[in-house]
Amino acid sequence: MWLQTLGGRGVSIFKLHGSVDLFVDPAGKTIKQPNFMSAVKAGLVPLIATPGISKRRVRNGLLKPLWAQAEQALKQADVIVFLGYRSPPSDPDARAFILNAISSTEPGAPLERRVHLVLGPDTNDSAVLRMEKLIQFSMESRSIRHVRFPEVTRREFQYETRKQPLYVEDFLSVVHDGELYAPAS
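Residues numbered from 1 in each chain as written. Predicted model: local features only at pLDDT ≥ 70, side-chain atom pairs only at ≥ 80, totals over all residues. Heavy atoms only, no water.

1. A word on the sheet that holds strand E8 (residues 158–164)
Taken in spatial order, the three strands of this open sheet run E6-E7-E8, and their pairing is parallel. Pairing within the sheet leaves two strands with one partner each, and these edge strands are strand E6 (79–83) and E8. Pairwise comparison of adjacent strand axes, ignoring direction, gives a mean angle of 15° for this sheet. Relative to strand E7 (residues 112–118), E6 runs parallel, the two sharing five bridges. (Pairing = 2+ DSSP bridges. Helix = DSSP H or I, 4+ residues; strand = E, 2+ residues; numbered from the N terminus. Axes fitted to C-alpha atoms, helices over the stretch in contact; angles between N-to-C directions.)

2. Things to note about empty space enclosed by the protein
Counting across every chain of the model gives two cavities of 30 Å³ or more. Roughly 50 Å³ of volume is contained in the second largest cavity. Surrounding the second largest cavity, Phe 82, Tyr 85, Ser 87, Arg 95, Ile 98, Leu 99, Met 131 and Leu 134 form its lining. Among the secondary structure elements, those contributing two or more residues to the lining of the second largest cavity are helix H4 (92–102) and helix H5 (126–148). With three residues, H4 is the largest single contributor of residues to the lining of the second largest cavity. Class assignment of the residues belonging to the lining of the second largest cavity gives a composition of six nonpolar, one polar and one charged. (1 Å grid on protein atoms, 1.4 Å probe; cavity = no way out; pocket = protein on both sides within 12 Å on 5 of 7 lines; lining within 4 Å. Points joined across faces, edges and corners; volume = space filled by probe spheres on them. Nonpolar A, V, L, I, M, F, W, Y, C, P; charged D, E, K, R; others polar.)

3. Section: unusual backbone geometry
A positive phi angle, close to 50°, is found at Ser 87, a residue other than glycine. Within the secondary structure layout, Ser 87 lies in the loop between E6 and H4. For Ser 87, a relative accessible area of 2% gives the class buried. (Buried < 20%, exposed > 50% of the residue type's maximum accessible area, 1.4 Å probe, protein only.)

4. A closer look at the packing of aromatic side chains
Overall, the coordinates contain three aromatic pairs when judged by the stated rule. Between Phe 23 and Phe 36 the ring centres are 5.8 Å apart and the planes differ by 40°, which places this aromatic pair in the tilted class. A residue pair is termed long-range when its members are at least 10 positions apart, and Phe 23 in strand E3 (residues 18–24) and Phe 36 in helix H1 (residues 36–41) qualify at 13 residues. Taking the relative accessible area as the measure of exposure, Phe 23 reaches 0% and is therefore buried. (Phe/Tyr/Trp six-rings, centres within 6.5 Å; stacked < 30°, edge-to-face > 60°.)

5. Overview of the nonpolar core
Counting 26 residues, the largest nonpolar core has Leu 74, Phe 82, Phe 97, Ile 102, Leu 117 and Ile 135 as the members making the most contacts within it. Every element with two or more residues in this core is listed here: E3, helix H3 (64–76), E6, H4, E7 and H5. In terms of residue count, H4 provides more of this core than any other element does, five residues in total. Sequence-distant contacts of Phe 97, that is, excluding residues within four places in its chain, are made with Leu 16, Arg 59, Trp 67, Ala 70, Glu 71 and Leu 74. Listed in part, the six residues of the second largest apolar core include Val 79, Phe 171, Val 175 and Tyr 181. (Core = buried A, V, L, I, M, F, W, Y, C linked by side-chain atoms within 4.5 Å. Contact = heavy atoms within 4.5 Å.)

6. Quick notes on a nonpolar patch on the surface
A cluster of nonpolar side chains, Val 20, Phe 36, Met 37, Val 40 and Ile 48, forms an exposed patch at the surface whose accessible area comes to about 410 Å². When residues in the nonpolar patch are grouped by element, the largest group, three residues, is from H1. Mapped onto the elements, Ile 48 comes out in strand E5 (residues 45–48). A residue is classified by how much of its surface remains accessible, and Ile 48, at 37% relative accessible area, is partly exposed. (Patch = residues over 30% accessible without salt bridge, like charges linked within 9 Å, V, L, I, M, F, W, Y side chains within 5 Å. Areas by Shrake-Rupley, 256 points an atom, 1.4 Å probe, with all protein chains shown as cover. Salt bridge = Lys/Arg side-chain N within 4 Å of Asp/Glu carboxyl O.)

7. Remarks on the sheet that holds E5
Hydrogen bonds between backbone atoms are what pair the strands of a sheet, whose relative direction is either parallel or antiparallel. The three strands are arranged E4-E3-E5 in an open sheet whose pairing can be described as antiparallel. Strand pairing shows two members of the sheet lacking a second neighbour, strand E4 (30–32) and E5, which therefore form its edges. Strand-to-strand, the axes of this sheet are offset by a mean angle of 50°, without reference to chain direction. The sheet contact formed by E3 and E4 spans three bridges and is antiparallel.

Nothing here speaks to function; it is geometry throughout.
What follows is the structure, given as structure tokens:
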């Protein structure tokens, strides 16, 4: 996990799939090595989780604390930005994890949430529309949970999904606090 600041506010960034600079040593510990080729030649195994069984192993193993932190951050976030992530159909575990977390009704979950989709300039691309619908159905399921589970305290909430017609690098170069944090309308 990396923490960065945007306009004085902390922003959590999680890399849940591992990284080319993370490796598992022979003792099973996670270590960071900046030189990929040297690390591989030294017999270290890259800690990269691809969709499927590999991701499940990493999620339930070495990166379990990171996934737990990410889940709590998603549940409590009032602003979520998908930077290039299209939730590929080949990765149902990650999709379920993200959608369940952002539609949480737990105490501490925000009453207003804004979701930005930064997936390229074509906001009518099928992947963008698919992500928008996945988020819509997940967020609207919050109301259904109140009907099925009366012990959940009913709380009114609002959400807004904004499709940004930009590439990730464009969005990051022009985004400002007003765009990210203004209340949902």
